[in-house]
Structures are given as structure tokens and as C-alpha cells.
Amino acid sequence: IAIHPEAGYPSKEWSDERFAALVQKILLLSDAKIAVVGLGVIARSIALNFVTSGRVLNLTRCLTLRELAAVLKRCNLFIGNDSGPSHLAQALRAPVVVIASGTNEYEHWGVWQKPFQVLKYPVACAPCGFERCKVEGHPCLSGISVDDLLSAIRNLNGSILKKSQSQ
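Remember, it's a predicted structure, so these values are computed and weren't measured experimentally. (Residues numbered from 1 in each chain as written. Predicted model: local features only at pLDDT ≥ 70, side-chain atom pairs only at ≥ 80, totals over all residues. Heavy atoms only, no water.)

Draft legend 1. Just the layout of surface pockets, in detail. A volume near 280 Å³ is recorded for the largest pocket. Lining the largest pocket are 16 residues; nearest its centre among them are Ile1, Lys33, Ile34, Ala35 and Cys75. Where the lining of the largest pocket is concerned, the elements lending two or more residues are β2 (34-38), β3 (56-60) and α3 (65-74). If you tally residues by element for the lining of the largest pocket, the top one is β3, at three residues. Here the lining of the largest pocket is built from residues that sort into eleven nonpolar, two polar and three charged. Taken as a whole, the second largest pocket spans an internal volume of roughly 160 Å³. (1 Å grid on protein atoms, 1.4 Å probe; cavity = no way out; pocket = protein on both sides within 12 Å on 5 of 7 lines; lining within 4 Å. Points joined across faces, edges and corners; volume = space filled by probe spheres on them. Helix = DSSP H or I, 4+ residues; strand = E, 2+ residues; numbered from the N terminus. Nonpolar A, V, L, I, M, F, W, Y, C, P; charged D, E, K, R; others polar.)

The structure is reproduced here in C-alpha cells:
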């Protein structure tokens, strides 16, 4: 599973706490290996918090675009915000779960290669186009829970969140 917890600006980023909780749940529920990709502090922090598990690979700040494409092409699932890597993963036909904020109308910009799931929480202020949310609590993203994301993953590839029988 490749996880990219960043985006071009803050109003498109699901919280790092929720991404960390998601990684923790995936590690508990499955035997999956997770590659955290990205360039910023958020991705690096999440990767470093879980790298001792032996199943989380820290690929932050070390991949060229071509290397990122190679990683995404091989992954069984990509999870990330509305960002360049999410569009790249879709173009490479990786199964994708995208967390889309209310900043734009994501459905007009996606690549739409199946299989994919887009998680959006409807809010009256969308699309806002703001780089920073002006609404208390950032409801378009805070309305999406870790369990919502786990459900989307199960809908896309239910077997990825299962432990192997050999343990």
C-alpha cells in the first residue's frame, strides 16, 4: 500500500493524526506493507513513527518522479489526498482511494481509471478554492473518518485488509 499524506496546500490535506491512525489500523488488521511517499514533514513524520514495525517503508524525500511512478505501478493500493501522486497512481491504473476536500470539484479533474474510490464529505461552502480553510474545524475533511477510509479500502479490495491464515 502506498500512502501519500500531503497535497499542494493545507486545505487539501486530511489530518496527519488521521493518517497515522489509518496506518496503525492497517497494521493491526492486515499483513500489508506500507510505503509512505512524499516530500514534506507530514509524510516523513508518519513514516518515522511506524518504521520500527518492519512493515512501513520510509520513501519520503528520496524518490524521483520516475521512481515514484515505478513504486505506484507496483502497489496494490494507493491512498492519498487530492494531489499529483493521486492522479499519477490513477493514470498508472493502481487501485486508488482519494480523500478529496471541498476546495474544488474533484470529479472534474480525476483521471478515473478503475478501480478507484473518492471520499468527499459534502459541505455548503464547496467548492471554495481556498489554500487554507476559512471554516472552523475544516469540515470537508474532518467529516471523513478513519473508518470511512477503511470502508472505502474494503469496497475497493477487501482482501488487502486481512491477515494471512499462516500466522
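Draft legend 2. Up close: helix α4 (residues 84-91). For α4, the full list of buried residues reads Pro85, Ser86, Ala89 and Gln90. Projected down its long axis, α4 carries its buried residues within an arc of 140°, all on one side. In this structure, the buried side of α4 is in contact with β1 (2-4), α3, β4 (78-81), β5 (96-99) and β6 (116-119). Count one or two residues on from α4 and you reach Arg93, which has phi positive near 65°. (Buried < 20%, exposed > 50% of the residue type's maximum accessible area, 1.4 Å probe, protein only. Arc of directions from axis to C-beta. Contact = heavy atoms within 4.5 Å.)

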